[in-house]
Structures are given as structure tokens and as C-alpha cells.
Amino acid sequence: MAEARESRTQKLKGAYVLVIGGSSGLGFAVALAALDQGAHITVASSQKVKVDRALARLREASPNHPTTIQGFVCDLSQPSELEGNLAALFEAATSTAKLDHIVLTAGDAVPIKPIADTSVPEMLAAAHVRCLGALVIGKIAPKYINAGPKSSITFTGGVMSHRPMLNWTLQAAWGSAVEGATRGLSVDLAPIRVNCVSPGAIETELFDNVPPAARGAVLDGYRDWSLLGALGAPDEAAESYVYLMRNSFVTGTTSLVDGGRSVK
Ligand SMILES: NC(=O)c1ccc[n+]([C@@H]2O[C@H](COP(=O)([O-])OP(=O)(O)OC[C@H]3O[C@@H](n4cnc5c(N)ncnc54)[C@H](OP(=O)(O)O)[C@@H]3O)[C@@H](O)[C@H]2O)c1
Ligand SMILES: *[C@@H]1O[C@H](CO)[C@@H](O)[C@H](O)[C@H]1NC(C)=O
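Bear in mind that the values here come from a model prediction, so they are computed numbers and not experimental data. (Residues numbered from 1 in each chain as written. Chains lettered and ligands numbered in written order. Predicted model: local features only at pLDDT ≥ 70, side-chain atom pairs only at ≥ 80, totals over all residues. Heavy atoms only, no water.)

*Asks:* Mind showing me how you'd approach helix H6 (residues 128–140) here?
*Replies:* The periodicity of an α-helix, 3.6 residues per turn, causes residues three or four positions apart to be oriented the same way. Among the 13 residues in H6, 10 count as buried, and that is most of the element. Among the residues of H6, His128, Val129, Arg130, Cys131, Gly133, Ala134, Val136, Ile137, Gly138 and Ile140 are the ones counted as buried. (Buried < 20%, exposed > 50% of the residue type's maximum accessible area, 1.4 Å probe, protein only. Helix = DSSP H or I, 4+ residues; strand = E, 2+ residues; numbered from the N terminus.)

Structure below.
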């Protein structure tokens, strides 16, 4: 009985979780939630200072943690280096054990402006981190992740793909591509599970890019944009990733965590 209960309540205990984009925002919240549930954590992103800061925050949050907390630099922005950089990250992350779960929350700044003013190189560049990143993870991850339905890969889209806002076509387009890649890879990689989380407006460091004078109005705009009149907290978004990691019967799906934006 006790053992059965432990296997139900502690599914991430001792699991090896890699969060690409784990140095900030949604990914950091996922790393923290998985750490709280007893997982070994590897975080990665493009800037060493951000990786180091995230590691310090994770260690501080869990000083006597018995599992590994490690981090590596990995830049997903250059298509020519994407496969090499991800392979090097996977090699480093699996030096002691294969992975159980991979989460991709990495995302760089995408221009938010009328499509009429957007160049073709800008359109393509907006796909590199989020979308090509997801495809290349799908290509090479099977070598580094335990086979079977307990293992999972979770990507990140956005509710903008379902209910776009003016000037957000690039995000809408590539976010939909991530959701499509999720369905395709879930078939190609089965029984490893592949899912996607598509958030609404979540109050992360992403909003630090908004000039301070405009911040209040922008955040209020996103509160109105949701059905619940609120922004999501990073730990609320993290719940969706954790659910997709834990539930070994869910694959090929997109989970919205959007305060009801999709039905407003
Ligand atoms: N927050 C929201 O409201 C929301 C809603 C819908 C969708 N999303 C999407 O969810 C993702 C995460 O958002 P967030 O709010 O967590 O943003 P965030 O706090 O800015 O985190 C983004 C993460 O991606 C990493 N990253 C950026 N460029 C990278 C690159 N070239 N290679 C590798 N890693 C890179 C960043 O670290 P480095 O700078 O060190 O690389 C950071 O760890 C983004 O794709 C975002 O568009 C967010
Ligand atoms: C869309 O972009 C135009 C031109 O930059 C700007 O004037 C307008 O305010 C933007 N709309 C929204 C909703 O961001």
C-alpha cells in the first residue's frame, strides 16, 4: 500500500529532468517544481550568467537537496549550430544517467509588429529557438532519454496561436508549428511521450523587456485579455508541465494554461 502510494505521489522522485530555457521564467518555475518533487535537474540556456544565477537560486531553494543540480550553456539561435549544440548539451547532461524528461521553454525576442513591416529573414529567425529547436530535440533526444511511456518531452507554444492579437502573426505561426511538431513527434518517438504547453500571459521576466513606464498598462491589458482578469503566475504554468511529465498516458497533446483566453 505505502509503496503504491509512493509510486503515485512521487513520480518525479529521482527522475532526471532537463529544462532548456530553465534559467528564467517558465523554465525556471518548471525546474523548481520538479526539484521540489525530488528530481535531478539540469538547466540550460544561452547566457552563462543566467545559468549560474538559476543554479544559485535552485540550490538556495533546496539547500540539502540530495539530487544533482547542474547547468550548461546552450544557444539555440543559429540553425547551423543547433544540432551540434544540442548534442553537446545532451552529452553533458547525461554523463551520469539518461534523461527521463526534457522540457523546452527557451524563447528569444520575436518582433511584434505588422506583418507588412516584417522581413523574410525576421520571419525565419523567429522559428529558430522555439520551432527548429523542438524539431532537432525530437531528432536527437531518443539516444539520451529512457525509452518508454514514463519518459516525456514537452515543448512550449502559446495561446496566441489560437487567439492571436494584432501584430503577433510570427508567434502565432511558429507556435502552431510547435503544436504540429508535437503531434508528429509523438507518433515518431512513441512510446516516448511528446506534448506541448501553450500558455496565455504569464508574469515572467519576459515582461522585463517592457519599458517601466508602459509596464503597468501592458500588464493590465493582458489581465483584461484573459477570461479570469488575471495574469498567470510561473508556478501555475509549471503545473501543466509537471502534469505532462507525470501522466504516462498523455501524448500528442497541447495543454492550454491561459486563464481562459481561448474561450474569451
Ligand atoms: N510568459 C508568457 O506570457 C508566455 C506566454 C506564451 C508563450 N511564452 C513562451 O514561452 C517561452 C518562455 O517564456 P518565458 O516567459 O519563460 O521567457 P523568459 O523568462 O524570457 O525565458 C526565456 C528563456 O529562454 C532562454 N533563451 C533565450 N534565447 C535562447 C537561445 N538563443 N538559446 C537557448 N536559450 C535561450 C533564456 O535564457 P538565455 O537568455 O540565457 O538564453 C531563458 O532561460 C518563450 O518562448 C515565450 O515566447 C511565454
Ligand atoms: C501594431 O503595430 C502598429 C505599428 O507598429 C502599432 O501602431 C499598433 O499599436 C500595434 N498594435 C498592437 C495591438 O500592438
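So that's the structure; there's more coming.
*Asks:* What's the story with the site of ligand 2 in this structure? I'm lost.
*Replies:* Every residue near ligand 2 is listed here: Pro114, Leu166 and Asn167. At a separation of 2.3 Å, an oxygen atom of ligand 2 approaches a polar side-chain atom of Asn167. When ligand 2 is considered free in solution it has 360 Å² of accessible area, and contact with the protein chains removes 38% of it. (Near = heavy atom within 4 Å. Polar contact = N/O pair within 3.5 Å; in protein donor to acceptor, adjacent residues only side chain to side chain. Areas by Shrake-Rupley, 256 points an atom, 1.4 Å probe, with all protein chains shown as cover.)

*Asks:* Sorry, what's going on with the packing of H6 against helix H7 (residues 169–189) here?
*Replies:* Packed helix pairs are specified by the crossing angle of their axes together with the interaxial distance, meaning the distance between the axes. One way to put it is that H6 packs onto H7 with a least axis distance of 9 Å and a crossing angle of 10°. On the basis of their axis angle, the class for H6 and H7 is roughly parallel. Listed contacts from H7 to Arg130, Cys131, Ala134, Leu135 and Gly138 of H6 are Gln171, Trp174, Ala177, Val178, Ala181, Leu185 and Leu189. By residue class, the composition of the contact of H6 with H7 is 9 nonpolar, 2 polar and 1 charged. (Axes fitted to C-alpha atoms, helices over the stretch in contact; angles between N-to-C directions. Parallel < 35°, antiparallel > 145°, perpendicular 65-115°, else oblique. Contact = heavy atoms within 4.5 Å. Nonpolar A, V, L, I, M, F, W, Y, C, P; charged D, E, K, R; others polar.)

*Asks:* Explanation requested: the sheet that holds strand S5 (residues 152–156) in the structure shown.
*Replies:* What links the strands of a sheet is backbone hydrogen bonding, and the strands pair in either a parallel or an antiparallel sense. Strand order in the open sheet made by the 7 strands is S3-S2-S1-S4-S5-S6-S7, with parallel pairing throughout. Strand pairing shows two members of the sheet lacking a second neighbour, strand S3 (69–73) and strand S7 (254–257), which therefore form its edges. Averaged over all pairs of adjacent strands, the angle between strand axes in this sheet comes to 15°, irrespective of strand direction. In the sheet, strand S6 (residues 193–199) pairs with S7 via 4 bridges, with the strands oriented parallel. From the neighbouring strand, Pro199 faces S7, where its bridge partner is Val257. The strands that helix H3 (residues 48–61) touches are strand S2 (40–45) and S3; relative to S3, the one it contacts most, it runs at about 170°. Those strands touched by H7 are S5, S6 and S7, and its axis lies near 165° from that of S6. (Pairing = 2+ DSSP bridges.)

*Asks:* Explain the site of ligand 1 here, please?
*Replies:* Among the 28 residues in the neighbourhood of ligand 1, the closest are listed as Ser24, Leu26, Ser45, Ser46 and Thr204. A distance of 3.1 Å separates an oxygen atom of ligand 1 from a polar atom in the backbone of Gly21. Contact between ligand 1 and Ile202: an oxygen atom at 2.8 Å from a main-chain N or O atom of the residue. If ligand 1 stood free it would expose 880 Å²; the protein chains cover 91% of that surface. Broken down by secondary-structure element, the contributors of at least two residues to the shell around ligand 1 are helix H2 (25–36) and H6. Classifying every residue of the shell around ligand 1 gives 9 nonpolar, 14 polar and 5 charged.

*Asks:* How do you make sense of a positive patch on the surface when you look at a structure like this?
*Replies:* Together, Arg5, Arg8, Lys11 and Lys150 line one region of the surface with positive charge. Following the sequence through the fold, Lys11 ends up in the loop between helix H1 (2–9) and strand S1 (16–20). (Patch = residues over 30% accessible without salt bridge, like charges linked within 9 Å, V, L, I, M, F, W, Y side chains within 5 Å. Salt bridge = Lys/Arg side-chain N within 4 Å of Asp/Glu carboxyl O. Lys, Arg positive; Asp, Glu negative; His and termini not counted. Charge placed at Lys NZ, Arg CZ, Asp CG, Glu CD.)

*Asks:* I'm lost on the environment of Asp75 in this one. Help?
*Replies:* With respect to the secondary-structure elements, Asp75 resides in the loop between S3 and helix H4 (79–93). Given the relative accessible area of 29%, Asp75 is considered partly exposed. Taking C-alpha positions, Asp75 is 8.3 Å from Val129, a pair spaced 54 residues apart along the chain. In contact with Asp75, not counting residues within four places along its chain, are Ser46 and Asn85.

*Asks:* Explain unusual backbone geometry here, please?
*Replies:* Most of the time, phi is negative for any residue but glycine, and the peptide bond is trans. Cis geometry marks the peptide bond from Ala190 to Pro191, where omega comes out at 10°. Among the structural elements, Pro191 can be located in the loop between H7 and S6. Residue Asn167 is not a glycine yet carries a positive backbone phi of 80°. Following the sequence through the fold, Asn167 ends up in the loop between S5 and H7.

*Asks:* How should I be thinking about the nonpolar core in this particular structure?
*Replies:* One recurring pattern in soluble globular proteins: nonpolar side chains tend to sit buried together. In terms of nonpolar packing, the biggest core is built from 33 residues, with Ile20, Leu86, Phe90, Ile137 and Ile153 touching the most fellow members. Of all the secondary-structure elements, those providing two or more residues to this core are S1, H4, strand S4 (101–104), H6, S5, H7 and S6. The greatest single-element share of this core, amounting to 6 residues, is contributed by H6. When near neighbours in sequence (up to four residues on either side) are disregarded, Ile20 contacts Ala44, Leu76, Leu86, Leu89, Ile102, Val103, Leu104, Thr105, Ala106 and Ile137. Ranked by size, the runner-up nonpolar core spans 31 residues in total, among them Val30, Val51, Ile69 and Val257. (Core = buried A, V, L, I, M, F, W, Y, C linked by side-chain atoms within 4.5 Å.)

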